[in-house]
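What follows is each chain in one-letter form.
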Amino acid sequence: HSSRPRSQGWPVPGETRAVLEGEDGVQVFPNVKPYVITLGFNHRHPILRRRDVRIAMNVAVDRPALVAQVAGGVGIPTADMIWHQHWTRPHDADATAFPLDRRRAGQLLDGVGLPRLRTRGGVVKPRFHVSCLVVDDPMMQRVAGRLQQAYADIGISLDLEPIALHELGARLAAGRFEAFVSPV
């Protein structure tokens, strides 16, 4: 029988990590997971099929801020769905592949005929609406909320629709979606 305490490991949510790291006798170890949180588009959508619209939506998102705010800085901004430690491709430039540039995003949207319009009362209307399926998970919902804010800043309305993970696959396979936020 040993007098040393037995160490055990438990998963730690991101919001708890900072508290635990400051405690004596507590060690927090990373648990690297090979997945990315993805905002996917249905390219059959009449607006989302346009390359300049998708580029505008990419440069409207501040990826480092999203990781810092939503995941407590635990994560790495990425430019594609290939895991950053995958041997086939270096990911050194992922964080800078789509730098935040809301002005450029607006110019791209204006250039494809999606200007910001005002009602007679002076209210700015969205350039367009996108319905977005969001996996019913707290992290995915926080990511989707931040994306919704980023897109509102450039005049896009992202309408969020929570969905169970097991239902998402059927909706994607059937093409019954405009956009989705999910871990991949």
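Description of the structure in this document. (Residues numbered from 1 in each chain as written. Predicted model: local features only at pLDDT ≥ 70, side-chain atom pairs only at ≥ 80, totals over all residues. Heavy atoms only, no water.)

So, the nonpolar core
Applicable threshold: Think of a nonpolar core as a cluster: buried Ala, Val, Leu, Ile, Met, Phe, Trp, Tyr and Cys residues, connected wherever their side-chain atoms sit within 4.5 Å. The cut-offs for exposure are 20% and 50% of the maximum accessible area for each residue type, with area from a 1.4 Å probe on protein chains only; residues under the lower value are buried, those over the upper are exposed, and the others partly exposed. A run of DSSP states H or I qualifies as a helix once it reaches four residues; a run of E qualifies as a strand once it reaches two. Both are numbered from the N-terminal end. Residues count as neighbours in contact if any of their non-hydrogen atoms are within 4.5 Å of one another.
In terms of nonpolar packing, the biggest core is built from 37 residues, with Val53, Met57, Leu109, Phe128, Tyr151 and Ile156 touching the most fellow members. Only α2 (51–59), α3 (63–70), α5 (102–111), β4 (128–135), α6 (138–153), β5 (156–163) and β6 (179–183) provide two or more residues apiece to this core. Not counting chain neighbours up to four residues away, the residues in contact with Met57 comprise Phe41, Leu48, Phe128, Tyr151 and Ile156.

So, the packing of α3 against α6
Short version of the rule: Axes here refer to lines fitted to C-alpha atoms; in helices the fit is confined to the stretch in contact. Angles between the N-to-C directions go from 0 to 180 degrees. Angle categories: roughly parallel below 35 degrees, roughly antiparallel above 145, roughly perpendicular from 65 to 115, and oblique for all the rest. Crossings are assigned a handedness: left-handed for a near helix turned anticlockwise from the far helix by less than a right angle, right-handed for a clockwise turn. The nonpolar class holds Ala, Val, Leu, Ile, Met, Phe, Trp, Tyr, Cys and Pro. Asp, Glu, Lys and Arg form the charged class, and all remaining residues, Gly among them, are polar.
Here α3 crosses α6 at 140°, and the two axes come no closer than 10 Å. The orientation of α3 relative to α6 falls into the category oblique. When you trace α3 past α6, the crossing you get is right-handed. Contacts from Leu66, Gln69 and Val70 of α3 reach α6 at Met139, Arg142, Val143 and Arg146. Of the residues that constitute the contact of α3 with α6, the class distribution is four nonpolar, one polar and two charged.

Some points on the sheet that holds β4
Threshold: Two strands qualify as a pair provided DSSP detects at least 2 bridges between them.
As summarised here, the arrangement of the four strands in space is β1-β6-β4-β5, forming an open sheet in which the pairing is mixed. Edge positions in the sheet fall to β1 (37–41) and β5, since each of these pairs with one other strand and no more. The average angle at which neighbouring strand axes cross in this sheet is 25°, direction not considered. Here eight bridges tie β4 to β5, and the two strands are oriented parallel to one another. Of the residues in β5, the one forming a bridge with Cys132 is Leu160.

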